[in-house]
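Take a look at the letters that make up each chain.
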Amino acid sequence: MEILREIAAHVENGKNNEVRLLVGKCLEEGIGVSDILNNGLVAGMSSIGIRFRNNEVFVPEVLMAARAMKSGLEIIKPILLQEKVPTKGTIIIGTVLGDLHDIGKNIVCYMLQGAGFDVIDIGIDAPKEKFIEAAQNHGAQVIALSSLLSTTMSYMKEVMEAVRASEIAGTVKVIVGGAPVTQAFADEIGAHGYASDASGASEIVKRLIG
Amino acid sequence: MNGRERIKAALSIQEPDQVPVYIHGINEAPIIGIGRHITDGLPDPKEFREMNDREKGKLLDTLFLIHEHFGIDGFTSFEIGHEETVDTEHVADDWGVIYTRSIHGLPVATGHPVQNPGDIDHFTPPRPNRNHLLLLDLGRDRFKGEKALFWLMRGTFVRSWRLMGMENLMIQMYDHPEFVHRVARMVTDYSLEQLDMLVDAGLDVLVVEDDIADKHSPLISPRQFVEFIKPYNTELVEKAHRMGLKAVAHSDGNLWPLLDIMIETGYDGLNPLEPQAGMELKKLKAYCGDRLCLIGNIDCVDLLPDGTPEEVDEAVRQAIADAATGGGYILCDSNSLHPGVDPLNCIAMFEAAKKYGARKS
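Residues numbered from 1 in each chain as written. Chains lettered and ligands numbered in written order. Predicted model: local features only at pLDDT ≥ 70, side-chain atom pairs only at ≥ 80, totals over all residues.

Novice: Sorry if this is basic, but what is going on with the nonpolar core here?
Specialist: A general tendency of soluble globular proteins is for nonpolar side chains to be buried together. Grouped together as the largest cluster of nonpolar side chains are 178 residues, with contacts concentrated most on Ile143(A), Ile175(A), Leu206(B) and Leu331(B). For this core, the element with the most residues is helix H4 (residues 59-82) of chain A, which contributes 10 residues. Counting contributing residues per domain, this core is built from domain 1 (2-82) and domain 2 (90-209) of chain A, each supplying no fewer than three. Among residues more than four places away in sequence, those in contact with Leu206(B) are Trp151(B), Met153(B), Leu195(B), Leu236(B), Ala240(B), Leu245(B) and Ala247(B). (Core = buried A, V, L, I, M, F, W, Y, C linked by C-beta atoms within 7 Å. Buried ≥ 20, exposed ≤ 12 C-beta atoms within 10 Å, placed from the backbone. Helix = DSSP H or I, 4+ residues; strand = E, 2+ residues; numbered from the N terminus. Domains from an automatic or database assignment. Contact = placed C-beta atoms within 7 Å.)

Novice: What is the right way to look at the domain arrangement of chain A in this model?
Specialist: Residues and elements named next belong to chain A. Taken domain by domain, chain A consists of domain 1 (2-82) and domain 2 (90-209). For domain 1 and domain 2, the distance between their C-alpha centres works out to 25 Å. Elements supplying a minimum of two residues to the side of domain 1 that touches domain 2: helix H3 (33-53) and H4. Among the elements that take part in the side of domain 1 that touches domain 2, H3 stands out by supplying 9 residues, more than any other. Of the residues contributing to the side of domain 1 that touches domain 2, the split by class is 9 nonpolar, 3 polar and 1 charged. (Nonpolar A, V, L, I, M, F, W, Y, C, P; charged D, E, K, R; others polar.)

Novice: What exactly am I supposed to notice about the sheet that holds strand E1 (residues 90-95) of chain A here?
Specialist: The strands making up a sheet are joined through hydrogen bonds of the backbone, oriented either antiparallel or parallel. All names here are of chain A. As summarised here, the arrangement of the 5 strands in space is E2-E1-E3-E4-E5, forming an open sheet in which the pairing is parallel. If you trace the sheet from one side to the other, it starts and ends with strand E2 (118-121) and strand E5 (193-194), each paired once. Pairing geometry for strand E3 (residues 142-146) and strand E4 (residues 173-177), over 5 bridges, is parallel. Among the inter-strand pairings, Ala144 is bridged to a residue of E4, identified as Ile175. On the sheet, helix H6 (residues 128-138) packs against E1, E2 and E3 and is oriented at approximately 160° with respect to E1. Against the sheet, helix H10 (residues 198-209) makes contact with E1, E3, E4 and E5, and its axis sits at roughly 165° relative to E4, the strand it touches most. (Pairing = 2+ DSSP bridges. Axes fitted to C-alpha atoms, helices over the stretch in contact; angles between N-to-C directions.)

Novice: Mind showing me how you'd approach the interface of chain A and chain B here?
Specialist: In many analyses, interface size is given as the accessible surface area lost on bringing the parts together. Chain A puts 21 residues into the contact, and the matching count from chain B is 28 residues. Mapped onto the side of chain A that touches chain B, the elements with two or more residues apiece are H4, helix H5 (103-114) and helix H7 (150-153) of chain A. Per-element tally for the side of chain A that touches chain B: the top contributor is H4(A), with 5 residues. Per-class residue counts for the side of chain A that touches chain B are 10 nonpolar, 8 polar and 3 charged.

This is the structure we're talking about:
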């Protein structure tokens, strides 16, 4: 549908006003919110994610696209909830205890939201209890741990152990990422997934619960 | 040659008698950990602010001793005294930026005073304060010309995002580019004025600390870098050169997409060359080793924390083999000697630099 392709293009190009207008127009024309979400907003974020991964665009362009996507999502969110449109899954994300860096985690948030997941961002400096509590409260399927520092990365192991010892063990997958994190480290601590970049995080989550 | 001469030769792409060694940044814990091998009476590792005056004096003296004992050729200094405690978890600098303290390294900027275009009309920037150069004065008086004096000056990107917030800065590049330029102009004027003081204080090397990349790529595009960052950092580099200083760029991450632009900026050296970000020494040497002094690359993410002294020795040998031929290499870790590094590995790095670094011809 042409109008959805236009929405996707405007998301990709970070044009939030245009996205807002076209989403409104879609609703007037009776186009379903699932269609608007998946073939408009998610499609646009998916394209920018691929270009980001290929170093064709950089963080500012992802932020602009995310802002455009969110401006459309804000309009359809109440209807999605009202119509009980099932989400693709719920993800708890945070930067682990001791680490105050947020931009990498935020980019992952935008990519996951842009892929159609419900994302609960518990912020920076997050202790293991906060991840587990949030996962319980929101019925999450995935916990995503971020760390920029090699010294805080080791805390991911503590979160893994706490998840294994908790009531949500077996119901939640844990993925890890961030500058010092590697696949080998993820394997060592028994994480269910590792992504080396934000688009990769979205792919891993799709694979784990898609 | 003394350390200062070695550093200056390397930054001029000449071959000194010995590959110079430099510590770009070092935390309290490794100063204490390394220091215990050469002096007594050090406190248990803790943050500088938690130390009493005697412990602070001992820590600083130990930092100097490390440079003397291990033959480190350059001494790093930076602004001190420009921050005030807000509460137990926060400090504010003289620009009004709020930082949240971290036990894992430097405080992180979390409060930003210039977020909207209107904010700058009511914002009064600080003036450089001569008293904040104390560490440079102490280094100069201690080393008396034997070691090159480096100064870490925040570059345009870092100063701007601290004032504006990083995501906000990036969005404002699209929404209000003239606002981003106004902030860049303001911080550059400050830095240019501070540079006069630094030259009077005896500085040798200006390090423009402007982290702008992660391990995959730069955070902003080369086009944005050329528009919003390069013109302002070029002013710093050109002024430094006019005043007889060398100028070094510092940024973590994969800088390959920006490398030609950084060379055009006129820098003499590039630090810290993260191996995990694809900044391979051999490849860099082949690409720009005749135009840019390479500074760093000894892995502080995996090797210095978790490797063995033998592995460190081999990495230093390899780095010197890859980058030091003909000059233009300064041995340094790949970011900083942070609280996670093993002091024995740091010592192995310093000793291996002397072992393998003597000029062959």
